[in-house]
Each structure stands twice: as structure tokens, then as C-alpha cells.
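Fold and geometry: a report
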Amino acid sequence: ADDPLMIGKNLLGHPVKGSIIDIGSAATRRAILGIGSNEARKRLAESLDLEWVTVVHPSAVVDAEATLGAGTVVLACAVVEIGVEIGSHVIINTLSSAHHNCFVGDYVQVAEATVSAYSIVEEGVLVGTRSTVLHRVRVGAWSTVAAAALVTRDVAPNDTVMGIPARSILRE
């Protein structure tokens, strides 16, 4: 935990044993990485030999036919519908939704946003607060969708888009 006050308490039913510094000496080898930086989450996940657990908040709704990868966290009031595939070490934040048959790659963060049906969000993407990725749109790896953006067309890898409709601020 990066908050020392959380050590010894439970977080979504799992005990907080210590900080990332303490992980090598911890009695348990089960963990999640609740780190907002997608790059840092990937770096740590690849460097630590742990059993990654998947955590779903009790008020979240995850369809039985959805797939959640190891180390994924689904927070309060989030909705993951039928046929959704979510990769490893993903954060589906409070009030976010992943609509039927969409794909969310590893190390993605969906921050109170919507990923519509049949969309593909590739590895490492940040989908910003109150943004929407529309039906059948692909968001390329390690891109950023700015807060409140409406993504109506595909986004290139490593791009940043913003606005309604979303436009690249790096490539135009």
C-alpha cells in the first residue's frame, strides 16, 4: 500500500500486508497492483514473482460470461457485460462500463468511462474520466483518451485524443 494507514486493513476483502518495498518478505504471495500509472503497473507486474488475484467490488456487476485477467481490479458500481474480455492488471474504475463483446487489453485503465460494444482497447491505454469509446472503435496501444472525449473513429498507437468528436492532439 502506498498509504501506510491501510496496512493491516482489508481492501475489497483482501488484507493489505505492506508496501511494495515489503513484498519480498511478505508471508503471502498473492497481490494486486492498485497503481494508476499503466507503465509502472506493467513494470512491477513483470518484475515480481507473485500470484496475481482479481478483485471485484461487491457493488460492481460482472457478467458470468465475461473474462477478467489476473491482477485486474473492478471498482464500485462498474459494469462488465456479457462476452467482455479484459486483460491482466487492468483497472476498471468506479462507475465505468465495458459493454458486451468488447476487448480491453493488459495494463489498461478505464477511469469512470465507457467502452462500447465490439470496441478494442489495446494494451496500456488510459481511457479518461467521462469519456466514451464508441461501438467497433479500436484504440491503439499506449494511447490516451482525454477526459470527456467521444471517440468515434480508430486511434493510432501512442496517440492522445481529446474533444467531441475526439481528435489527435499529437498527429494533426
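In this report, the structure presented in the accompanying data block is examined.

How each quantity is defined
Residues numbered from 1 in each chain as written. Predicted model: local features only at pLDDT ≥ 70, side-chain atom pairs only at ≥ 80, totals over all residues. Heavy atoms only, no water. Salt bridge = Lys/Arg side-chain N within 4 Å of Asp/Glu carboxyl O. Helix = DSSP H or I, 4+ residues; strand = E, 2+ residues; numbered from the N terminus. Buried < 20%, exposed > 50% of the residue type's maximum accessible area, 1.4 Å probe, protein only. Contact = heavy atoms within 4.5 Å. Polar contact = N/O pair within 3.5 Å; in protein donor to acceptor, adjacent residues only side chain to side chain. Pairing = 2+ DSSP bridges.

1. What about the pattern of salt bridges?
- According to the stated counting rule, one finds five salt bridges in the structure shown.
- The closest approach of N and O atoms between Lys 42 and Glu 123, which form a salt bridge, is 2.7 Å. Note that Lys 42 is positioned in helix α1 (residues 38–47) and Glu 123 in the loop between β16 (120–121) and β17 (126–127), a separation of 81 residues in sequence.
- Among the residues examined, Lys 42 registers a relative accessible area of 22% and is labelled partly exposed.
- Within the structure, one salt-bridge network assembled from shared partners comprises Lys 42, Glu 46 and Glu 123.

2. Quick notes on the environment of His 100
- You can see His 100 is positioned in the loop between β12 (97–98) and β13 (103–104).
- Put simply, His 100 and Ser 119 are 19 residues apart on the chain and 9.2 Å apart in space, counted from C-alpha to C-alpha.
- Those residues in contact with His 100 that sit more than four places away from it in its chain are Glu 81, Ile 82, Val 84, Ala 117 and Tyr 118.
- Within the structure, the side chain of His 100 is placed 2.9 Å from the side chain of Asn 101, a separation counted as a polar contact.

3. Things to note about the sheet that holds strand β20 (residues 144–145)
- Pairing within the open sheet is mixed, and its eight strands lie in the order β5-β8-β11-β14-β17-β20-β22-β23. Looking along the sheet, the strands with just one partner apiece sit at the ends: β5 (55–56) and β23 (167–168).
- Two elements, strand β11 (residues 91–92) and strand β14 (residues 109–110), share two bridges in a ladder whose sense is parallel. Looking at β14, one finds that Ile 91 is bridged to Gln 109.

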